[in-house]
Amino acid sequence: MSMKNYVILLAGGIGKRMGSNLPKQFIEVEEKPILVHTAERFQKNPQIEKIVVVCVSEWLEYLRCIVVQYGLTKIQWIIEGGSTGHDSIRNGVFFLKDKINPDDYIIVHDAVRPVLPQKAIDEVIRVAHEKGNAASSIVCHPPIVYTEDFESGITDIDREHVILTASPQAFQYSLAYKCYEQAEFENLHNTTFTSSLLIHCKERVFFAKGTTSNIKITTREDLALFEALLKIPEELLYS
């Protein structure tokens, strides 16, 4: 029996920084909600089996309509988010307990990261299948300064040894489940990414080549940037 890949798509935010009444994942760009742009990336990928969307509770019905309207057939389940990003991922992980096999893989991704080339999805799956987990990652180019007082710094951090991680991130299901169970036991609810939780649980995180174009849409300026990135051929965004 071959291992299958499932997506936990996070749409639990309400987007305060955007200054909009509409949660940012539902703002339309090029006549489509941002969440649809993101979901279509996974819909299109033949390695993806099914998707569970973790959604902010007041918008569950709205999301159900969108799924039908845009023919997102791989979205099989829509569940309620938690009060933190960590809890939303946990809800998705625990929800899948009786629906997938321990050897299957889950891919955790932000609905507001819609610039996702197929090769980036394939790479995170490839590394995870080989190593047990993978975080989409890019090397760090800007100089990094350590600050102790938050207004100045006297220590340089060697950027050669710094990797910037984002989503998508992929994990063997049994590993992710074990770590979220440990977090519940410790009453831990504030890890940013599943990769941070793995490190907290003393697990080594492996890197998959990501792309600098994989922006997280949080402000109005990001919307303009996303519109511009939509015009760039996918192969140029991931080379």
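Everything below is about the structure shown above.
Rules behind the numbers
Residues numbered from 1 in each chain as written. Predicted model: local features only at pLDDT ≥ 70, side-chain atom pairs only at ≥ 80, totals over all residues. Heavy atoms only, no water. Helix = DSSP H or I, 4+ residues; strand = E, 2+ residues; numbered from the N terminus. Buried < 20%, exposed > 50% of the residue type's maximum accessible area, 1.4 Å probe, protein only. Pairing = 2+ DSSP bridges. Axes fitted to C-alpha atoms, helices over the stretch in contact; angles between N-to-C directions. Patch = residues over 30% accessible without salt bridge, like charges linked within 9 Å, V, L, I, M, F, W, Y side chains within 5 Å. Areas by Shrake-Rupley, 256 points an atom, 1.4 Å probe, with all protein chains shown as cover. Salt bridge = Lys/Arg side-chain N within 4 Å of Asp/Glu carboxyl O.

**Overview of unusual backbone geometry**
Piece 1. With an omega of 10°, the peptide bond running from S167 to P168 counts as cis.
Piece 2. On the secondary structure map, P168 appears in strand 10 (residues 163-172).
Piece 3. A positive phi angle, close to 65°, is found at E31, a residue other than glycine.
Piece 4. Positionally, E31 belongs in the loop between strand 2 (28-29) and strand 3 (32-33).

**Remarks on the environment of E31**
Piece 1. For E31, a relative accessible area of 69% gives the class exposed.
Piece 2. With 82 residues separating them along the chain, E31 and R113 place their C-alpha atoms 17 Å apart.

**Things to note about the sheet that holds strand 11 (residues 207-209)**
Piece 1. Read from one edge of the open sheet, seven strands run 5-4-1-6-10-7-11, paired in mixed fashion. The open sheet has two free edges, formed respectively by strand 5 (75-80) and strand 11, since each of these has just one partner strand. In this sheet, adjacent strand axes meet at a mean angle of 30° when their direction is disregarded.
Piece 2. Bridge analysis of strand 7 (residues 133-139) against strand 10 gives seven bridges, and the strand direction is antiparallel.

**Topic: a nonpolar patch on the surface**
Piece 1. On the surface, V139, I163 and F207 cluster together into a nonpolar patch covering about 260 Å² of accessible area.
Piece 2. With respect to the helices, strands and loops of the structure, I163 is situated in strand 10.
Piece 3. By relative accessible area, which is 33% here, I163 ends up partly exposed.

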